[in-house]
Amino acid sequence: MATHVCPIWVGYFLASRLRKLLQNPTRIIGPFVRPNMTVLDFGCAMGFFSLPMAEAVGPGGKVVCVDRQPEMLDVLKRRAARAGLLDRIQCHVCPKDSIDLKEYDGALDFALAFTVLHEVSHPDRILSDLGRLVRSDAPLLLAEPAGHVTPQEVEHMVALAREHGFVMTRALLIRSAHAALLTRAATQEATISEEDAGVRSGTAAKASDEHNRESRGRR
Ligand SMILES: C[S@@+](CC[C@H](N)C(=O)[O-])C[C@H]1O[C@@H](n2cnc3c(N)ncnc32)[C@H](O)[C@@H]1O
């Protein structure tokens, strides 16, 4: 059972420009987020992904930002206000083991859970909520930090997600992460090109391991 929650000081580091050199948020969410969409950033912290998502949905869209630590959301709101994006952001402090947000049942066009599930004590409950919240054919991008979370743990999360109606459609190659694209519909066609996001089929852990090995080799 997970007990560790990301400290606030790490939240500042995660939202820093430096991280963009490793994980470019606009490029990562780009293939999935379009104007006028309603999207979710679960475990958003200070909005490293939420702000680029708000840019991508445009003035007609909405980003629902969920975190269990209100301090993270306070900083996110300040950053969004500075960027002129506050009107497209809705912040929600959730309880420890639930996303809640019933008013969005079946309404989300995309959901992101980036390096958060390993901090959740009952990921099955969160995956059940996610299964309820996303539209039937909408993608869920699940990513966990490589090195910190083992490939086996990620495979376990994907297996848990399967119990809540998700199927993995692609492993995504994101530096320093094990990432998988899931959908509740088995027939989800590929929406991104290999060039866009470096997509390979196979398990999330296998593909990201290969990718991270290749990246290290290049350095
Ligand atoms: C490691 S940070 C990742 C933040 C962000 N997704 C990113 O990649 O920059 C994890 C975040 O998830 C939040 N979190 C942890 N457990 C949570 C839960 N059960 N419900 C909602 N948020 C949670 C933490 O407060 C923290 O802000």
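Residues numbered from 1 in each chain as written. Predicted model: local features only at pLDDT ≥ 70, side-chain atom pairs only at ≥ 80, totals over all residues.

### Quick word on the overall build of the protein chain
If you tally the helices and strands in the protein chain, you get eight helices and eight strands. By the burial criterion, 44% of the 219 residues in the protein chain qualify as buried. (Helix = DSSP H or I, 4+ residues; strand = E, 2+ residues; numbered from the N terminus. Buried ≥ 20, exposed ≤ 12 C-beta atoms within 10 Å, placed from the backbone.)

### Details of the pairing of strand 4 (residues 110–114)
Here is the key point about a regular strand: its side chains alternate between the two faces of the sheet. Most of strand 4 is tucked away, with five of its five residues classed as buried. Alternating residues of strand 4 divide into Phe-110, Leu-112 and Phe-114 and Ala-111 and Ala-113, and every residue in both groups is buried. In terms of strand pairing, strand 1 (residues 38–42) meets strand 4 through four bridges, oriented parallel. Across the sheet, the residue bridging to Leu-40 is Ala-111, located in strand 4. For strand 4 and strand 5 (residues 139–145), the ladder comprises four bridges, and the chain directions are parallel. Bridge pairing in strand 5 places Ala-111 opposite Leu-140. For the crossover that starts at strand 4, traverses helix 5 (residues 123–133) and ends in the parallel strand 5, the hand is right-handed. (Pairing = 2+ DSSP bridges. Right-handed = clockwise from strand over helix to strand, strands pointing away.)

### Notes on the nonpolar core
Membership of the largest hydrophobic core comes to 67 residues, with the highest contact counts inside it found for Ala-111, Leu-112 and Leu-142. Sequence-distant contacts of Leu-142, defined by excluding residues within four places in its chain, comprise Ala-113, Leu-117, Met-157, Ala-161, Ala-179, Ala-180 and Leu-182. (Core = buried A, V, L, I, M, F, W, Y, C linked by C-beta atoms within 7 Å. Contact = placed C-beta atoms within 7 Å.)

### Things to note about the packing of helix 5 against helix 6 (residues 151–163)
Relative to each other, helix 5 and helix 6 sit at 50 degrees, their axes nearing to 9 Å. Of the possible angle classes, the one that applies to helix 5 and helix 6 is oblique. Crossing geometry of helix 5 relative to helix 6 is assigned as right-handed. Residue-level contacts link Pro-123, Asp-124 and Leu-127 of helix 5 to Met-157, Leu-160 and Ala-161 of helix 6. For the contact of helix 5 with helix 6, the residue count by class is five nonpolar, no polar and one charged. (Axes fitted to C-alpha atoms, helices over the stretch in contact; angles between N-to-C directions. Parallel < 35°, antiparallel > 145°, perpendicular 65-115°, else oblique. Left-handed = near helix turned anticlockwise from the far one by under 90°. Nonpolar A, V, L, I, M, F, W, Y, C, P; charged D, E, K, R; others polar.)

That's the geometry; what it means functionally is another story.
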